[in-house]
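# Structural features, examined
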Amino acid sequence: MCGIVGHVGPLTPSTASSAPGSGRSLEVLLDGLSRLEYRGYDSAGVALVRPDGVERLTTVKAAGKLDNLRAALDAAAPAPATAGIGHTRWATHGGPTTENAHPHRAGSLAVVHNGIIENFRSLRAEVEAAGRTLLSATDTEVVAHLLDLDFTDRLAAAGEAGTVDPDAAAALLVESMRAVTARLEGTFALLAVTELAPGAIVAARRSSPLVIGLGEGENFLGSDVAAFVAFTTHAAEVDDDQVLLLTADSVTVWDAAGDVVTPRQWEVSWDASAAVKGGYDTFMDKEIHDEPTAVAETLLGRVDDRGELVLDEMRIDPAVLRSIDKIIVVACGTAAYAGHVAKYAIEHWCRIPVEIELAHEFRYRDPIVSEKTLTVAISQSGETMDTIQAVRHAREQGSRALAIVNTYGSTIAREADAVLYTHAGPEVAVASTKAFLAQITACYLLGLYLAQLRGNKWPDEVADYLENLGKMPAKLERLLAEQEDSIRELGAQLADQTSFLFLGRHVGYPVALEGALKLKEVAYVHAEGFAAGELKHGPIALVEDGLPVFVIVPTPRRPVLHDKVISNIQEVRARGARTIVIAEEGDEAVTPFADTVIRIPATPTLMWPLLTVVPLQIFASALAKAKGLDVDQPRNLAKSVTVE
Ligand code: F6R
């Protein structure tokens, strides 16, 4: 995640009465950062450039929320600037400290970055070999030095090192940006300023968001239009592998071949207050739309130069991992359902028994844990007290703990022996959506990692599964584009219903549980999830005329599972249920028994939950909205449950 903002304009004082004398650039950066704070808030910083003075490039940064940066700026009182770049951070490489906050400086320039540079380890060795000392643990500082090394060479070759013409310096920085970004693997939106070109910002992007804001005598850049919508509504797109030069009155964009291109422009229709939610009504809706990115980012950078899977922090000896004879997943709520999905995949791939334990239950019974047990703690926040206590309890008994968490440097991440981060970005809505998909993705990575390490799967088999996972973001995009509107209509139509059932089999079972939980928590409706096979053992007594029943149908390519679930649909329909069936595209066997069918792109069985849960999330949000409820902050709940 992370949010970035850039501004270039004339040397004018701020128009904001709250920031007299600090200049227009700083006013724009602070406003943009406050609107982008939802993208990350563990540190923030700005770099400002002015055309004269002794120190023409000033950077100010601070760990913690934006208010800490404001306080640091009050103390530093930087002079008005002609260009500025700002950043609000969601830590990926390196903890949430002031040293790791952006911008990062190298020589005459400063850089902000959103994304993950996968080959940063080898590049870091290269810049250190060139005599550079790095002050942070970030991938971004490596890029700043690479850029400065290249820029310095070009200045020397052009004979410009002494008295530099700002326009020539800006043109050389564009060349450097093109040369350096061609060497980067991973994702990035990068903005750079140099004191040698005080009226310019040079930028580039690949797979991380970046948009241009076109003003009158000033121009803007942002991770999304929220960054500048308070100042201009004229926006322009940036495509992958394009390099940009912004001045106060010009925007030049080059494509990967080095040809100048005209970016597509549009008029932003949001008002500034909607912008933090990316134009969606609620954070929950925005976060559902973040899901393709959350899965893609969680998969990013996981394969090393030898083609082997790597985790983020591993302090467990591989010999210990080879010897484990049991995995216990400890988690709560949605995170526990992600663990439940993982059980099917890990047992199938690694032939290790996996138990799922609600963290609060695990802690207070007498679980059988030994040095051969791997405890896997799954948590979005990394601060859920029940899960923290479960990790401590397991470790006290000799188990190693591996954390799957979304929040860098959180308690669970710090206390565990190994960490696999889900790169879902900050989740603001109380009801978890994108974190669930990222947790399932990370669990699959863990399963494949163990299968690779223990020799349960051949490298080509692991590569096959990874390829299938790599296709999930595009399938999620398609699902959202094709199904969202009709699911929302259904949510509005069923807003008066007081009870719902959700049925699933195999990996569809935890999806059914999660569908029921979403509806309970955001729409305050009674909802139950059941294993479809359990129906006849009691719950079918609940079925009466008109009761809406969601059924998650496995792919027809698994006829044993599929045909059983079709029978379950018939059983509830025969008793008057209104059936809402989630089925694979082309599965016509469901049609005669479904009142509504929601179609999902074909996917291998184990990965089915990544798609089938999405309609249930959308449905819960739509139904809650139709009832006029506060979708993002449901009653009685908190985002992070830090008490037992
Ligand atoms: C449901 C939800 C909760 C959390 C649970 C664990 O939408 O958000 O059930 O999943 O409280 O929270 P974390 O993952 O932060 O440990």
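Below is a short write-up of the structure. All figures in this text were calculated on a predicted structure; none of them were measured in a lab.

## What to know about the site of the ligand
The local shell around the ligand holds 13 residues, among which Ser-379, Gln-380, Ser-381, Thr-384 and Glu-521 are the closest. The separation between an oxygen atom of the ligand and a polar side-chain atom of Lys-518 is 2.9 Å. Coverage of the ligand by the protein chains reaches 89% of its 400 Å² of free accessible surface. For the shell around the ligand, the elements supplying multiple residues, two or more each, are helix 9 (333-350) and helix 16 (508-523). With three residues, helix 9 is the single largest residue contributor to the shell around the ligand. Of the residues contributing to the shell around the ligand, the split by class is four nonpolar, seven polar and two charged.

## Some remarks on the nonpolar core
Residues Ile-327, Phe-500 and Leu-519 are the most contacted members of the largest nonpolar core, which totals 89 residues. Broken down by element, the residue count for this core peaks at 13 residues, all from helix 13 (residues 434-454). With near-sequence residues (within four places) excluded, Ile-327 lies in contact with Ile-346, Ile-352, Pro-353, Val-354, Glu-355, Leu-374, Val-376 and Leu-450. Among the nonpolar cores identified, the runner-up in size contains 34 residues, and Leu-155, Leu-190, Ala-200 and Val-243 belong to it.

## Some points on the pattern of salt bridges
Overall, the coordinates contain 32 salt bridges when judged by the stated rule. Taking the shortest distance from any N to any O, the salt bridge between Lys-326 and Glu-355 comes out at 3.5 Å. Of the two residues, Lys-326 is situated in strand 17 (residues 326-331) and Glu-355 in strand 18 (residues 354-358); the sequence distance between them amounts to 29 residues. Judged by its relative accessible area of 30%, Glu-355 is partly exposed. Across the pair Lys-536 and Glu-571 runs a salt bridge whose closest N-O atoms are separated by 3.2 Å. With Lys-536 in the loop between strand 23 (526-531) and strand 24 (548-552) and Glu-571 in helix 17 (residues 559-573), this residue pair connects regions lying 35 residues apart in the sequence. Since its relative accessible area comes to 53%, Lys-536 is described here as exposed.

## Examining helix 9
Compared with the 26 Å implied by 1.5 Å per residue over 18 residues, the 25 Å span of helix 9 between its first and last C-alpha is a close match. Helix geometry: helix 9 is bent most strongly at Ala-342, by close to 30 degrees. Of the residues making up helix 9, those classed as buried are Thr-334, Ala-335, Ala-336, Ala-338, Gly-339, His-340, Val-341, Ala-342, Ala-345, Ile-346, Trp-349 and Cys-350. Backbone geometry just downstream of helix 9 places Arg-351 in the positive-phi region, at approximately 55 degrees.

## A short note on the sheet that holds strand 24
Picture the strands of a sheet paired through backbone hydrogen bonds; they go either parallel or antiparallel. Read across the open sheet, the five strands follow the order 23-22-24-25-26; overall the sheet is parallel. The sheet is open, and its two edges are formed by strand 23 and strand 26 (596-600), each paired on a single side. For this sheet, the mean angle separating the axes of adjacent strands, direction not counted, is 15 degrees. By the bridge criterion, five bridges tie strand 24 to strand 25 (residues 578-584) in an arrangement that is parallel.

## Concerning the side chain of Glu-571
Judged by its relative accessible area of 18%, Glu-571 is buried. A distance of 3.2 Å separates a polar atom in the side chain of Glu-571 from a polar atom in the side chain of Lys-536. Once you skip the residues sitting within four places of it in the chain, Glu-571 turns out to touch Leu-535, Lys-536 and Ile-540.

## Describing the packing of helix 7 (residues 291-299) against helix 13
The contact between helix 7 and helix 13 brings their axes to 9 Å, and the two run at 25 degrees. Accordingly, the angle class assigned to the pair helix 7 and helix 13 is roughly parallel. In the packing of helix 7 onto helix 13, the handedness of the crossing is right-handed. The residues of helix 13 that touch helix 7, namely those facing Glu-291, Ala-294, Val-295, Thr-298 and Leu-299, are Lys-434, Leu-437, Ala-438, Thr-441, Ala-442 and Leu-445.

## Side note on the pairing of strand 12 (residues 242-247)
Burial within strand 12 is extensive, with six of its six residues counted as buried. Residues Gln-242, Leu-244 and Leu-246 line one face of strand 12 and the alternating positions Val-243, Leu-245 and Thr-247 line the opposite face, and both faces are buried. Strand direction decides the pairing type here: strand 8 (residues 201-206) and strand 12, joined by five bridges, are antiparallel. Bridging from a neighbouring strand, Ala-204 pairs with Val-243 of strand 12. With five bridges connecting them, strand 12 and strand 13 (residues 250-254) associate as antiparallel partners. What sits directly across from Leu-244, in strand 13, is Val-253. The loop that links strand 12 with its antiparallel partner strand 13 comprises two residues.

## Some details on the state of the cysteines
Counted under the stated rule, the structure contains zero disulfides. Free of any disulfide, Cys-350 has its nearest cysteine sulfur in Cys-443, 11 Å distant. Since its relative accessible area comes to 1%, Cys-350 is described here as buried. A residue is classified by how much of its surface remains accessible, and Cys-443, at 4% relative accessible area, is buried.

## Considering the sheet that holds strand 1 (residues 3-8)
Within the open sheet, the eight strands sit side by side as 3-2-4-1-10-9-11-15. Their pairing is antiparallel. Only two strands of the sheet have a single neighbouring strand rather than two, namely strand 3 (57-63) and strand 15 (265-267). Sheet twist, expressed as the mean angle between neighbouring strand axes with direction ignored, is 20 degrees. Two strands pair when backbone bridges link them, and strand 1 and strand 10 (residues 219-222) are joined in this way by four bridges, in the antiparallel orientation. The partner of Val-5 across the bridge, within strand 10, is Gly-222.

## Thoughts on the side chain of Gln-483
You can see Gln-483 is positioned in helix 15 (residues 472-493). A relative accessible area of 11% means that Gln-483 is categorised as buried. Apart from residues lying up to four places away in sequence, Gln-483 is in contact with Ile-598 and Arg-599.

Calculation notes
Residues numbered from 1 in each chain as written. Predicted model: local features only at pLDDT ≥ 70, side-chain atom pairs only at ≥ 80, totals over all residues. Heavy atoms only, no water. Near = heavy atom within 4 Å. Polar contact = N/O pair within 3.5 Å; in protein donor to acceptor, adjacent residues only side chain to side chain. Areas by Shrake-Rupley, 256 points an atom, 1.4 Å probe, with all protein chains shown as cover. Helix = DSSP H or I, 4+ residues; strand = E, 2+ residues; numbered from the N terminus. Nonpolar A, V, L, I, M, F, W, Y, C, P; charged D, E, K, R; others polar. Core = buried A, V, L, I, M, F, W, Y, C linked by side-chain atoms within 4.5 Å. Buried < 20%, exposed > 50% of the residue type's maximum accessible area, 1.4 Å probe, protein only. Contact = heavy atoms within 4.5 Å. Salt bridge = Lys/Arg side-chain N within 4 Å of Asp/Glu carboxyl O. Expected span 1.5 Å × (residues − 1). Bend = angle between axes of the 7 residues up to and from the residue. Pairing = 2+ DSSP bridges. Axes fitted to C-alpha atoms, helices over the stretch in contact; angles between N-to-C directions. Parallel < 35°, antiparallel > 145°, perpendicular 65-115°, else oblique. Left-handed = near helix turned anticlockwise from the far one by under 90°. Disulfide = S-S within 2.5 Å.

Geometry only, nothing functional implied.
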